[in-house]
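Spelled out, the chains give:
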Amino acid sequence: MRIDVYIPLVLALLLTAVAPLVGRRVSPALAARVLVTAAALTAAASTWALLLLGTTLIGHAPPVIAEAGEDGRSLPEPVPETVAVLAVAGLAMITHRIVRVVRAHMATRRVLLKLCEGHPPDSELVVAASSTPRAFAIPGKPGRILVTAAMLGALEPVERRVLLAHERAHLAHRHAALSTVVALAAAANPLLVPVRDTVAFLLERWADEEAAGSVGDRRTTARALARAALVSQRARPGCALHFSEHAVTRRIAALQTAPPPVMRSVAAAVLALGAIPALGAADATSDLLRLLAETLPGF
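Anyway, here's the lowdown on the structure attached to this text. From a predicted model like this one, the values you see are computed outputs, not experimental measurements. (Residues numbered from 1 in each chain as written. Predicted model: local features only at pLDDT ≥ 70, side-chain atom pairs only at ≥ 80, totals over all residues. Heavy atoms only, no water.)

The relative placement of two packed helices comes down to the angle between their axes together with the axis-to-axis distance. In contact at an axis separation of 9 Å, helix H2 (residues 28-55) and helix H7 (residues 175-188) are set at 30° when each is read in the N-to-C sense. Taken together, the axes of H2 and H7 are roughly parallel relative to one another. Along this stretch, H2 crosses H7, giving a crossing that reads as left-handed. Between H2 and H7, the contacting residues are Val-36, Ala-39, Ala-40, Ala-43 and Thr-47 on the first element and Leu-178, Val-181, Val-182, Ala-185 and Ala-188 on the second. The residue inventory of the contact of H2 with H7, partitioned by class, reads nine nonpolar, one polar and no charged. (Axes fitted to C-alpha atoms, helices over the stretch in contact; angles between N-to-C directions. Helix = DSSP H or I, 4+ residues; strand = E, 2+ residues; numbered from the N terminus. Parallel < 35°, antiparallel > 145°, perpendicular 65-115°, else oblique. Left-handed = near helix turned anticlockwise from the far one by under 90°. Contact = heavy atoms within 4.5 Å. Nonpolar A, V, L, I, M, F, W, Y, C, P; charged D, E, K, R; others polar.)

Here it is in structure tokens:
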């Protein structure tokens, strides 16, 4: 097999390198979409590449070796056996990581849905009587917004509008689905973990921009974000408005300036970067099929 089978594994590093730059220079909505798409393509291609490498172990199976010996054929060795074994081990690890991500997402969803029990099924807003400031967008049909009484009590009326607009943006644009896709991509290829983190930040920035547009005031949106961060400072990461000190500082700073431009040329370049690993995997697949035809007559 040629070098193209390794391309999907290497280009993930390049996507990781450009992701922060794209996140800073391109509008959050477009940047999040293209990075999720590129990450999904890269993860699928790199996983397929590992599968291709692992499949080469067929040539080391005793029945295949015996049949080749009887026919007087010499079997090609597309990759070293050690590489193929490591690829199989990598596939096992990927399976374990993906199962963990799926279980974590399902567990979180069950907890959030349980908190909404007892409320009318058509109610968008669910207020939980809790002294801990929290706000969540719960995807589904219909999607719901879960806010604690502590969070609502800490915000002024216009800031509550910002909060609700932020969470509605998460629901309207299916941010939970995008987050799940990039989380699965990072589970399949750990090199993409920085891309996953960049997308998580961009989804919050996207919702911030939607909230600012809804209330018509970027400064008010920034103030609401800062106030909610202060009342949530002792809460765990992932609470109301997805707060962490570093992320909130950057988000507030972004709201103090004009929205970033929609740079479709950069987005197209990132998508191309995600497509290249897929092309490499496709080319490697044709190589493997040819080798299998040589190794297994009648294949």
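Now that the structure is up, let's keep going.
Quick look at the pairing of strand E3 (residues 144-148) now. When you tally the buried positions in E3, you get five out of five residues, the bulk of the element. Of the two faces of E3, the one carrying Arg-144, Leu-146 and Thr-148 and the one carrying Ile-145 and Val-147 are both buried. The pairing of strand E1 (residues 125-128) with E3 spans four bridges and is classified as parallel. Counterpart to Ala-128 in the pairing with E3 is Thr-148. As judged from the four bridges shared by strand E2 (residues 135-138) and E3, these two strands associate in the antiparallel manner. By the bridge assignment for E3, Ala-137 is matched with Ile-145. Between E2 and E3, which pair antiparallel in sequence order, lie five residues; one of them, Gly-140, sits at a positive phi of approximately 150°. (Buried < 20%, exposed > 50% of the residue type's maximum accessible area, 1.4 Å probe, protein only. Pairing = 2+ DSSP bridges.)

What follows concerns the packing of helix H8 (residues 193-215) against helix H9 (residues 218-231). It is at 8 Å that the axes of H8 and H9 come closest, and there the two elements cross at 125°. Of the possible angle classes, the one that applies to H8 and H9 is oblique. Considering only the axes of H8 and H9, their crossing is right-handed. Along its contact with H8, which presents Asp-208, Glu-209, Ala-211, Ala-212 and Val-215, the element H9 presents Arg-218, Thr-221 and Leu-225. Tallied by class, residues from the contact of H8 with H9 come to four nonpolar, one polar and three charged.

Attention now moves to the sheet that holds E2. In spatial order, the strands read E1-E3-E2; together these three strands make up an open sheet with mixed pairing. Strands at the two margins of the open sheet, each flanked by one partner only, are E1 and E2. Strand-to-strand, the axes of this sheet are offset by a mean angle of 20°, without reference to chain direction. Packing of helix H4 (residues 81-115) onto the sheet brings it into contact with E1, E2 and E3, and relative to E2 it is tilted by some 105°.

Tallying each qualifying case throughout the model produces eight salt bridges. Linking Arg-223 and Glu-159 is a salt bridge whose minimum nitrogen-to-oxygen distance equals 3.2 Å. Placement of Arg-223 in helix H9 and of Glu-159 in helix H6 (residues 157-172) is noted, with a sequence separation of 64 residues between them. A relative accessible area of 35% places Arg-223 in the partly exposed class. For Glu-159, a relative accessible area of 0% corresponds to the buried category. Counted as one network, the salt bridges with shared partners bring together Glu-156, Glu-159, Arg-223 and Arg-227. (Salt bridge = Lys/Arg side-chain N within 4 Å of Asp/Glu carboxyl O.)

Time to look at the side chain of Glu-209. Note that Glu-209 resides in helix H8. Here Glu-209 falls in the buried class, since its relative accessible area comes to 16%.

We now examine unusual backbone geometry. Positive phi outside glycine occurs at Arg-174, with the angle close to 55°. Position of Arg-174 among the secondary structure elements: in the loop between H6 and H7.

Per the stated rule, a full pass over the model turns up zero aromatic pairs. Taking NZ or CZ as reference, Arg-250 lies 3.9 Å from the ring centre of Phe-201, over its face. (Phe/Tyr/Trp six-rings, centres within 6.5 Å; stacked < 30°, edge-to-face > 60°. Lys NZ or Arg CZ within 6 Å of the ring centre and 35° of its normal.)

What follows deals with the nonpolar core. Ranked by size, the top nonpolar core spans 33 residues in total, and within it Leu-15, Leu-35, Ala-39, Leu-192, Val-195, Val-199 and Val-270 carry the most contacts. Listed by contribution, the elements that provide at least two residues to this core are helix H1 (7-25), H2, H4, H7, H8 and helix H11 (264-295). It is H2 that contributes the most residues to this core, 12 residues altogether. Residues contacting Leu-15, with those up to four places away along its chain left out, are Leu-35, Ala-38, Ala-39, Thr-42, Leu-192, Val-195, Val-270 and Leu-273. Counting residues in hydrophobic clusters, the runner-up holds nine residues, among them Ala-135, Leu-155, Leu-163 and Ala-228. (Core = buried A, V, L, I, M, F, W, Y, C linked by side-chain atoms within 4.5 Å.)

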